[in-house]
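Understanding the architecture of this molecule
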Amino acid sequence: MVRFLRRHSLDKSNSQNHLRQHESGSGTDSDDTEMNEIAGNGGPPLSNGRAPPRSRLARDGPPSDLDIMKEKFAKLLLGEDMSGTGKGVSSALALSNAVTNLAASVFGEHRKLEPMAPDTKERWKKEVGWLLSVTDHIVEFVPTRQTAENGTTMEIMSTAQRRDLQMNIPALRKLDAMLIGYMDNFVDQTEFWYEKGGDNKRDDDKWWMPTVKVPAEGLSEVTRRWLQYQKECVNQVLKAAMAINAQVLVEMEVPEIYIESLPKKGKTSLGDTIYRNITDEEFDPLEFLEAMDLSTEHKVLDLKNRIEASTIIWKRKMQTKDTKSSWGSIISFEKREQFEERAETILHLLKLQFPGTPQSQLDISKIQYNRDVGYALLESYSRVLESLAYSVMSRIEDVLGADAAATNLTASEAARRQMEMNMPRKLDAKEELEKLSEAPASMTLYDFMGWHFDQDELMRKKEEGTLDEAGEAMLLKKAPSLAPKKFSYVDSLAGGMRSPSARH
């Protein structure tokens with residue numbers, strides 16, 4: 001009590017002396033400087049003359065990389081719940097949202113076919129590297145041999161990065177660098193340009209995008225061929241990102257909340273017409289898609305949701321062993337397996353024909369209720385690269401469309417011009433489906449792109465009659481069969497691979 005009264009009296013006397021100096025105007029320059037510093041620290045001085053505590057946002061200059069990283073990882077640890085009450089989302093969903101939001105802030109305003117700004121490019125590389133650094137610490141146990149000092153060799157279990165991350169993260173980083181490199185190739189382009197904001201008058205479904213302008217006589221032949229080449233390169237990156245994203249989504253477990261929302265029969269989900277076409281003896285997936293109304297994005301997404309729901313229902317019916325279960329049915333196991341394969345074929349063709357379609361209800365449910373951090377990062381990173389590649393392809397198509405309009409080309413003439421160009425030809429959905437059934441099981445970036453181009457070139461030479469004996473031997477060589485490979489956290493000692501029974 002004595003200490004408090006003494007401190008209070010000192011504070012009171014100090015405040016009175018300070019008031020007298022202020023009224024008399026006899027304050028020194030050093031006092032004025034100190035007062036300005038105190039005011040700059042966040043507000044007026046306290047009664048004892050001390051500065052109030054500084055706000056975490058009141059910093060001198062822009063925040064440093066360390067401050068940004070601290071803030072990002074603090075939000076991840078809090079699960080995006082800044083109140084700290086533990087009501088946030090899971091770590092997997094928080095990381096997935098972080099990658100998605102970062103890509104939206106970096107690439108959202110990039111609407112022209114031009115290189116990225118250096119500071120924006122540096123920010124993307126730096127911040128996505130921070131988020132992907134989490135995968136360096138996701139490990140699994142693998143058997144290794146260790147030699148003791150006496151020469152004895154023994155097998156021990158050591159940790160290594162999880163196999164799916166070790167395979168796909170470098171491939172996605174390579175795709176990322178390739179996409180940014182393709183965008184950098186459009187520096188100093190003079191044969192096409194974009195209208196200013198006030199002159200932009202697009203009346204199509206991309207009304208918010210800037211309008212492309214080309215010379216009155218159209219693009220030169222060299223620029224036209226170069227644009228077609230860039231489009232094919234970006235298309236290969238798009239298909240590689242789509243393949244990785246589809247593989248990760250297949251590996252994710254179907255949430256129970258999604259299963260509970262499904263009807264008991266696949267026919268109920270599909271409808272009578274679609275169910276009759278899929279279960280018909282003479283089934284052709286291409287004819288099925290031609291007969292469907294896919295004029296709008298909403299109709300494509302609705303068909304995808306229906307088919308995915310029926311696929312899940314049929315899979316559960318094949319996996320159930322209880323004949324009295326409500327999931328049981330009189331349809332044979334072989335027939336139901338055949339229906340499931342047909343449905344998956346249609347889904348694959350839809351992805352090829354409509355790469356920019358929004359995510360289905362099944363994909364959204366998997367992402368929302370996923371608890372595997374590795375899967376979350378792989379899915380979100382491949383998804384944003386897929387979206388970026390599709391956007392770049394759309395920008396190139398806008399330029400080629402403006403060129404075709406400037407030269408008054410019809411659709412048939414434009415197709416003939418593309419065929420005359422000595423460039424890799426565009427693959428149709430049927431060829432993609434046949435090659436998917438023969439693709440390697442673990443498809444790295446080089447396997448996906450190199451094998452794809454070799455097969456196309458050999459088939460083209462065979463059709464033209466210019467294929468030599470070595471090429472014929474390579475064409476007849478059977479590719480490894482595609483078997484979906486499930487990666488586990490820990491390899492069993494018996495040598496088999498088994499996924500955990502409850503990952504979520």
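Residues numbered from 1 in each chain as written. Predicted model: local features only at pLDDT ≥ 70, side-chain atom pairs only at ≥ 80, totals over all residues. Heavy atoms only, no water.

1. Some thoughts on the overall build of the protein chain
Helix and strand content of the protein chain: 19 helices and four strands. Per-residue burial over the protein chain gives 36% buried out of 504 residues. Of the contacts made within the protein chain by residues no fewer than 6 positions apart, 71% connect residues no fewer than 24 positions apart. (Helix = DSSP H or I, 4+ residues; strand = E, 2+ residues; numbered from the N terminus. Buried < 20%, exposed > 50% of the residue type's maximum accessible area, 1.4 Å probe, protein only. Contact = heavy atoms within 4.5 Å.)

2. A few points about unusual backbone geometry
Located in the positive-phi region is E80, a residue other than glycine, with phi close to 65 degrees. Secondary-structure assignment places E80 in the loop between α3 (65-77) and α4 (91-107). Of note in the backbone geometry, D188 takes a positive phi value of approximately 55 degrees without being a glycine. Along the chain, D188 turns up in the loop between α6 (163-184) and β3 (193-194). With a relative accessible area of 71%, D188 lands in the exposed category.

3. Quick notes on the pairing of strand β1 (residues 139-147)
Across nine bridges, the pairing between β1 and strand β2 (residues 153-161) is antiparallel. Across the sheet, the residue bridging to T144 is I156, located in β2. Where β1 folds back onto β2 in an antiparallel hairpin, the turn is made up of five residues, including G151, whose phi is positive at roughly 90 degrees. (Pairing = 2+ DSSP bridges.)

4. Let's talk about the nonpolar core
Counting 59 residues, the largest nonpolar core has L113, W124, L175, F192, Y381 and V399 as its most contacted members. The dominant element in this core, judged by the number of residues it contributes, is helix α15 (residues 373-406), at 14 residues. Leave out the neighbours within four places in its chain, and F192 touches L113, F186, V212, K213, V214, L219 and V399. Within the second largest apolar cluster, 18 residues are counted, among which are F283, L289, W314 and L347. (Core = buried A, V, L, I, M, F, W, Y, C linked by side-chain atoms within 4.5 Å.)

5. Thoughts on the confidence of the model for the protein chain
Should the pLDDT be low somewhere, the predicted coordinates at that spot are not to be read in detail. For the protein chain, mean pLDDT is 75; residues scoring 70 or higher make up 65% of the total. In the model, residues 322-328 has pLDDT below 50 throughout and makes eight contacts with residues more than four positions away in sequence or in other chains. (pLDDT = per-residue confidence, 0-100.)

6. Some points on the packing of α6 against α15
At a closest axis distance of 10 Å, the pairing of α6 and α15 adopts a crossing angle of 20 degrees. With respect to each other, α6 and α15 are oriented roughly parallel. Crossing hand, α6 versus α15: left-handed. Residues D164, L165, N168, I169, L172, R173, L175, D176, L179 and M183 of α6 touch α15, and the partners they reach there are G374, Y375, L378, Y381, S382, L385, L388, A389 and V392. Here the residues of the contact of α6 with α15 are counted per class, giving 13 nonpolar, three polar and three charged. (Axes fitted to C-alpha atoms, helices over the stretch in contact; angles between N-to-C directions. Parallel < 35°, antiparallel > 145°, perpendicular 65-115°, else oblique. Left-handed = near helix turned anticlockwise from the far one by under 90°. Nonpolar A, V, L, I, M, F, W, Y, C, P; charged D, E, K, R; others polar.)

7. A word on the packing of aromatic side chains
Following the criterion strictly, the structure yields four aromatic pairs and no others. For the ring pair F186 and W226, a centre distance of 5.0 Å and an interplane angle of 65 degrees mean the geometry is edge-to-face. Within this pair, whereas F186 is found in the loop between α6 and β3, its partner W226 is found in helix α7 (residues 221-251), the two being separated by 40 residues in sequence. In this arrangement the basic side chain of R162 is found over the ring face of Y375, its NZ or CZ atom lying 5.0 Å from the centre. (Phe/Tyr/Trp six-rings, centres within 6.5 Å; stacked < 30°, edge-to-face > 60°. Lys NZ or Arg CZ within 6 Å of the ring centre and 35° of its normal.)

8. Description of helix α5 (residues 118-132)
For α5, spanning 15 residues, the distance from its first C-alpha to its last is 21 Å, which sits close to the expected 21 Å at 1.5 Å a residue. In this structure, the buried side of α5 is in contact with α3, α4, α6 and α15. (Expected span 1.5 Å × (residues − 1).)

9. Some details on the pattern of salt bridges
Tallied over the full model, the rule gives 20 salt bridges. Salt-bridge contacts for E140 lead to R163; the nearest nitrogen and oxygen are separated by 4.0 Å. One end of the pair, E140, is in strand β1; the other, R163, is in helix α6, with 23 residues separating them in the sequence. Residue classification places E140 among the buried residues on the basis of a relative accessible area of 3%. Judged by relative accessible area, which is 30%, R163 ranks as partly exposed. (Salt bridge = Lys/Arg side-chain N within 4 Å of Asp/Glu carboxyl O.)

10. Thoughts on the packing of α5 against α6
Where α5 contacts α6, the axes come no closer than 13 Å and their chain directions differ by 170 degrees. With respect to α6, the axis of α5 lies roughly antiparallel. Residue-level inspection shows K121, W124, K125, G129 and L132 of α5 in contact with α6, the latter providing I169, R173, D176, I180 and D184. Considering only residue class, the contact of α5 with α6 consists of four nonpolar, one polar and five charged.

11. Side note on the environment of L132
Tracing the backbone through its elements, the reader meets L132 in helix α5. Owing to a relative accessible area of 2%, L132 belongs among the buried residues under this scheme. Placed 41 residues apart in sequence, L132 and R173 show a C-alpha to C-alpha distance of 9.9 Å. L132 has contacts with I169, R173, L377 and Y381, leaving out every residue within four places of it along the chain.

12. A look at α15
Under the 1.5 Å per step criterion, the end-to-end length of α15 is 50 Å for 34 residues, consistent within 8% with the ideal 50 Å. Burial analysis of α15 places 26 of its 34 residues in the buried class, the great majority of the element. The residue sitting at the N-terminus of α15 and contributing the capping side-chain oxygen is D372; that oxygen lies 2.9 Å from the backbone nitrogen of G374. Positive phi shows up at N408, right after α15, with a value of about 55 degrees. (Polar contact = N/O pair within 3.5 Å; in protein donor to acceptor, adjacent residues only side chain to side chain.)

13. Describing the environment of E397
Within the fold, E397 resides in helix α15. A residue is classified by how much of its surface remains accessible, and E397, at 36% relative accessible area, is partly exposed. Along the primary structure E397 and K231 are separated by 166 residues, whereas in three dimensions their C-alpha atoms are 8.0 Å apart.

14. Side note on the side chain of D363
Residue placement: D363 occurs in helix α14 (residues 361-369). Although D363 lies buried, it forms no salt bridge, and the closest oppositely charged side chain, K304, sits 4.1 Å away as judged by the N-O distance. (Lys, Arg positive; Asp, Glu negative; His and termini not counted.)

15. Describing the side chain of K304
One can find K304 in helix α12 (residues 297-319). Apart from the residues within four sequence positions on either side, K304 is in contact with L347, L350, K351, P358, S360 and D363.

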